[in-house]
Amino acid sequence: MKTIVIGLGNPILGDDGIGWRVVEQVQKEIKQQKQIDSEIIFECLSIGGLTLMEHLIGYERAILVDAITTGNTPDGTIRTFPIEALPNLAIGHFSSAHDTTLQNAIEVGRKMGAEIPYNIDIVAIEAQQIYDFSEDLSNQVRKALPKAVKTVKELIR
Amino acid sequence: MERITIDPITRLEGHGKIEIFLDDEGNVANTYFQVPQLRGFEQFCVGRPVEEVPLLTNRICGVCPEAHHMAGAKAADAVYHVDPPRTAKLLRELLYSAFYVTDHTTHFYALAGPDFVMGPDAPIAERNILGVIHKVGLEIGGQVIQARKYGHTVIEMIGGRKVHPCTSIPGGLTKGITEEQRKEIEEMGRWAIEFGQFSLSLFNDIVLKNQTYLDLILGDIYKDETYYIGMVDEQNKINFYDGKVSVVAPDGERIGKYAPDEYTDWIAERVEPWTYLKFPYLKKVGWKGFVDGKDSGVYIATPLSRLNASDGMATPLAQEEYEKFYETFGDKPVHHRLATHWARLIELLYAAERWVELATDPEITSDNFHTVPTETPTEGVGIVEAPRGTLTHHYWTDERGVTTKVNLVVGTTNNYAPISMSIKKAAQSLIKKGEIVTEPMLNMVEMAFRLYDPCLSCATHSLPGKMPLQITIHNSEGNPIEVLKQNC
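A.B. asks: I keep staring at the overall build of chain A and nothing clicks. Help me out?
C.D. replies: Scanning chain A from terminus to terminus reveals four helices and five strands. Starting at the N terminus and ending at the C terminus, chain A contains elements arranged as β-α-β-α-β-β-α-β-α. Across its three principal axes, chain A shows a C-alpha extent of roughly 45 × 40 × 25 Å. Sorting the 157 residues of chain A into buried and exposed places 52% on the buried side. Look at the contacts in chain A between residues 6 or more apart in sequence, and 80% of them connect residues 24 or more apart.

Written out as structure tokens, the structure reads:
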């Protein structure tokens, strides 16, 4: 199944870079284990809304990895859910404040006849330290990295 | 005193918050527009080779990385005292023109469009790009996607990547384009011109021919008489990539033009205790508070201000639209802020025309796209017009070219004071004693800042855990008496 795995976030904004780290590590481990599958594409992006939707075109499946700020769970908590479980809010990486939400963008794309996967899973890691410019993750979020990597690898399988 | 909070602002980059304070009679006493602080970016850039900084700064923001890359590249040129060859300048401006078409298209159809096509008081679930497509036709959506696709293709061809370009270095570019690519770029640019014309005719049919909208644009709710700034070429025509920044007073008098390295003579920043973001103002006029008029140094840097600060557009079709714009208002400068949406579409057409002009320049495919810097690096300033306003990057380095200090005045920051003023005026006009505050009323307050397309906390988002819009009304003791939450 042609799959795209996307790490979302800003890699220079502390814990906001966790999505990138996870996807980079998954790609590295898969390469090391010589489990390379030409059907699986990895990308790290700092985008949302229409631009994110445009990156999904042509794939049958997508896995999106991002930070999440609910404030309800400890930093580093990992959640996995289908996109349908994500509220269609107008902020966050799945949106762009300068265009629209990913859900709306996907609907626009489909109306235009674009092939956008119906199978989109989200792996979200709770993080609060996203307002300080830094290439480092906080301790709690860094500790969640191996588990998040494992989660994504299992989803790929 | 009652207090209404809108937090965070719908469709605004980052988590902004509007607080509206009512007096005992229920009228708006004051408003505050607050944004979160992003800490330490300038320090983060210190201690790095200056050629890396344009790559880092384009990571500040997921919306206009091209603008940061260009301003950073120009600042790095200046640090090394190197003038890139003409082909490099043409290519950078070509990339930038394609970016403008993409960015302005997205703003109009996804952000401004819903308010006008669907109406400011349409159900919130319909006030988005899907509503626009549903009402105007499926073909519109296809054209928006096509415009974005073409823009991204040009950005990738010249900038090396679709979203975050990486080819500008001190002295020019790391690569040029082939004749085959040039032909493709020209063809896409010609399509973009037609799309720009179509967008203006759509605006004409939907907005200008609708008396209600026209009255809204020409009315006083969205009007402030401030200074205007924008970059112009030697003929005082708008240019997004190069030139001097023209400064025009509320009465239309041009009080001067400044080169990038003169910006500190013109722009100063005011600190207020209730917000992290500073308020830039014109140093030569001075800070008189959040007031308009010729004695107040508050200025705007937007598509509207660029039109007001220039003597016209450098391309023929956009110039025709420019003339029509000022004929409609009957005066210059135009102080009606909602006219920014119209100005943005005129700029879109200009960018498309400029795209073709540059793509058909005989030197665009030359392989002379880089001059090797030979001088000792010191300090430099680069300015471009970002879609949201004048963008200034200022770098200092040691003799090895390693940064020792970085200062940025970003597009939207210029507009912080006028945005705050526009919100207050709209709130005071719309929220009156004794009336129930409704969602459409709050949307019309939001329209006061949405026209600026503000981008305050570039790329800071993580997934939201809260509702995007929260309105809290407090009684005179400061206790919340009603909380409204909604999706959009």
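Moving on from the model shown.
A.B. asks: What should I look at first to understand the sheet that holds strand β2 (residues 40–45) of chain A in this one?
C.D. replies: Note on sheets: strands pair through backbone hydrogen bonds, and any given pair is parallel or antiparallel. Residues and elements named next belong to chain A. With mixed pairing, five strands are arranged side by side in an open sheet as β2-β1-β3-β5-β4. Two strands bound the open sheet, and with one partner strand each, they are β2 and β4 (78–82). Taken pair by pair, the neighbouring strands of this sheet meet at an average axis angle of 15°, ignoring direction. Note that β4 and strand β5 (residues 119–126) share five bridges and pair antiparallel. Looking across to β5, one finds that Thr-80 is bridged to Val-123. The sheet contacts of helix α1 (residues 18–32) involve β1 (3–8), β2, β3 (61–68) and β5, and relative to β1 the element is tilted by about 140°.

A.B. asks: Would you explain unusual backbone geometry in this entry?
C.D. replies: Comment: phi is negative for the bulk of residues other than glycine, and the bulk of peptide bonds are trans. Residues and elements named next belong to chain B. Of note, the amide linkage connecting Lys-332 to Pro-333 takes the cis form, showing an omega dihedral of 5°. Its location among the elements puts Pro-333 in the loop between α11 (316–329) and α12 (339–359). In this structure, His-81 takes a positive phi of about 55° despite not being glycine. Structurally, His-81 can be placed in the loop between α3 (65–79) and α4 (86–118). Classification of His-81 as partly exposed rests on a count of 15 C-beta atoms within 10 Å. Its identity as a non-glycine residue notwithstanding, Asn-236 has a phi of 65°, on the positive side. You can see Asn-236 is positioned in the loop between β6 (227–232) and β7 (244–248).

Criteria and thresholds
- Counting of residues starts from 1 at the beginning of each chain's written sequence and follows it residue by residue.
- Key to labels: chains lettered from A, ligands numbered from 1, both in the order written.
- Local features in this predicted model are restricted to residues whose pLDDT is 70 or higher, and side-chain atom pairs enter the listing and the counts only when it is 80 or higher, whereas totals over whole chains, interfaces and linings include all residues.
- Helix and strand assignments follow DSSP, with helices taken as H or I runs no shorter than four residues and strands as E runs no shorter than two, numbered in order from the N terminus.
- To assign burial, the other C-beta atoms lying within 10 Å of each residue's own C-beta are counted, with C-beta atoms placed from the backbone; 20 or more indicates buried, 12 or fewer indicates exposed, and intermediate counts indicate partly exposed.
- Contacts here follow a simple rule: the backbone-placed C-beta atoms of the two residues must lie within 7 Å.
- Two strands qualify as a pair provided DSSP detects at least 2 bridges between them.
- Axis geometry follows a simple rule: fit a line to the C-alpha atoms, using only the stretch in contact for helices, then measure angles between N-to-C directions, giving values from 0 to 180 degrees.

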